[in-house]
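These are the residues of each chain, in order.
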Amino acid sequence: MTGRNGAVYAAAVVGLGAMGSAALFHLTRRGLGTGDRRVIGLEQFEPGHDRGSSHGESRAIRLGYSEHPSYVPLLRRAFRNWRALEKLSETAFLTTTGILEAGKPGSRMVAGSLEACLLHHLPHERLDAAEVNRRFPAFALPDGYSAVWQSEGGFLQPEVADQAHRALAAAAGAEIATRARVLAIEPERDAVILRLADRQIAARRLVIAAGPWSADLLPQLRPVLALKRQVLCWYRPRNPAKFALGALPVFMVDGEDDILYGFPDFRGSGFKCASHLGSRVLAQADDARQDAGPEDERRTRRFLQTYLPEAAGPLLAMKTCIYTMTPDENFILDLLPEDPRIVVASPCSGHGYKFASVIGEVAADLALDGATAHDIGRFSIARFAGGTD
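Position labels on residues start from 1 in each chain and follow its written sequence. Predicted model: local features are reported for residues with pLDDT of at least 70 only, side-chain atom pairs are reported and counted for 80 or more only, and whole-chain, interface and lining totals are derived from all residues. In computing side-chain properties, one takes all heavy atoms of the structure into account and sets aside hydrogens as well as water.

Engineer: So what exactly am I meant to see when it comes to the nonpolar core here?
Structural biologist: Soluble globular proteins tend to pack their nonpolar side chains together in the buried interior. Membership of the largest hydrophobic core comes to 56 residues, with the highest contact counts inside it found for L27, W82, F93, V207, V343, F355 and I359. Starting at the N terminus, helices and strands are each numbered in turn, a helix being any DSSP run of H or I of at least four residues and a strand any DSSP run of E of at least two. Looking at this core, the elements that each hand over two or more residues are β1 (9–14), α1 (18–29), α2 (72–89), α3 (108–119), α5 (158–171), β19 (333–336), β20 (339–345) and α8 (356–369). Per element, the largest residue contribution to this core is eight residues, and it comes from α8. Throughout, a contact is declared for two residues whenever any of their heavy atoms are within 4.5 Å. Ignoring sequence-local partners within four residues, the contact set of F93 consists of W82, L85, E86, F155, L156, Q157, V160, A161 and A164. Only buried residues count toward a nonpolar core. Its members are Ala, Val, Leu, Ile, Met, Phe, Trp, Tyr and Cys residues joined through side-chain atoms within 4.5 Å. Any residue under 20% of the maximum accessible area for its type is buried, any over 50% is exposed, and the rest in between are partly exposed; the area is computed with a 1.4 Å probe on protein chains only. Core analysis: the next-biggest nonpolar cluster, separate from the first, contains 36 residues, A12, I201, L218 and L227 among them.

What follows is the structure, encoded as structure tokens:
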């Protein structure tokens, strides 16, 4: 139940996807990683795997947040942290394209984005369908649709950013264990014990960033977590120039029967898009497979034929991933009520990746100080009172 030289770890992180990699990095920035302040990150697969929620080439980032205006201060910090990580790692992974959020009349997405922009005085434009179609010829939005344009939005490359977090953490002394699946968590008086198939590890503080596997480690959360299978598609557009980097922004379209988001082809792999609504609920994360099929593709193609018709060329690839959803679609980022030595920092309801750089910072604050200066009241476990027994 020890680290190197028989020492109990000062902290351990379970899961090294987006949130866990960021948490491990921020723990080392707080001085962990050397001497008697050892820290370890455990990943049940290999980092960068395609079984969870942190793969797929690109993730959107924006400031005006249609989900709720209260996310904006965290997003401002996330942007700063991502840029600082680029500088530290000497790696570029955040690309500014602008972001377009469009929708049918009465769209909550458009109204929510506009509300956040106005409340936080964010640069933005309101566009009608004709202006969207003129400015970005890939679109064919119907009359009556509207949009909010934010020039500061863009996308992150998750595999690159996550590797930067892990590499810097390792360089600062963090241990990284791969193929290390935690089977059980057993709090004891002097440490939290992590039981693996071949050994056990003891840590004074624990960050659980296991994404869709969170409920396997914390069964009390199972009643409030739903795992939604998502499918990502890549196409070769019929007119590639309209979908290239510089011509097409990152976008979300709230249509009549679906919500589609997409990205420009920035590295020759094709135009990427996906439904935000998911296809079905999984009983457990281990049920996930790379099993995207014709019906998944037909669903996306139907949407493209209406709103971005020249995108619907030959299919190049498909990938599945998982959203770990809470009932109110907000995050869980909190100390575990039963044991405040344990931080829960992962279930992000399908819109969390852009926040990873600040969620990792908050997780380190909670683990080492038991509190954070960031406003995370919206993400409390207590809001599910009665639903986590």
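Structure's up, so let's keep going.
Engineer: Could you clarify how one ought to interpret the environment of A317 in this entry?
Structural biologist: Within the secondary structure, A317 is located in strand β18 (residues 315–325). In this structure, the C-alpha to C-alpha distance between A317 and I193, residues 124 residues apart in sequence, is 41 Å. Not counting residues within four places of it along the chain, the set of residues in contact with A317 comprises L232, C233 and W234.

Engineer: For this particular structure, what's the right way to read the packing of aromatic side chains?
Structural biologist: How two aromatic rings sit relative to each other is set out by the distance from centre to centre and by the angle between their planes. In summary, the pairing rule links any two rings of Phe, Tyr or Trp, Trp by its six-membered ring, whose centres are within 6.5 Å, and it sorts them by plane angle into stacked for under 30 degrees, edge-to-face for over 60 and tilted for everything else. Taken as a whole and assessed by the stated rule, the structure comprises 19 aromatic pairs. Arranged with centres 5.1 Å apart and planes meeting at 50°, the rings of Y65 and Y71 form a pair that is tilted. With respect to class, Y65 is no different from Y71; both count as buried. Between F331 and F355, the aromatic rings sit 5.1 Å apart at their centres with planes inclined by 75°, giving edge-to-face as the arrangement. On the criterion of sequence distance, the pair formed by F331 in the loop between β18 and β19 and F355 in the loop between β20 and α8 is long-range, its members being 24 residues apart. Note on accessibility: F331 and F355 belong to one class, buried. Among the aromatic side chains, those forming a connected cluster through ring pairs are Y65, Y71, F331, F355 and F379.

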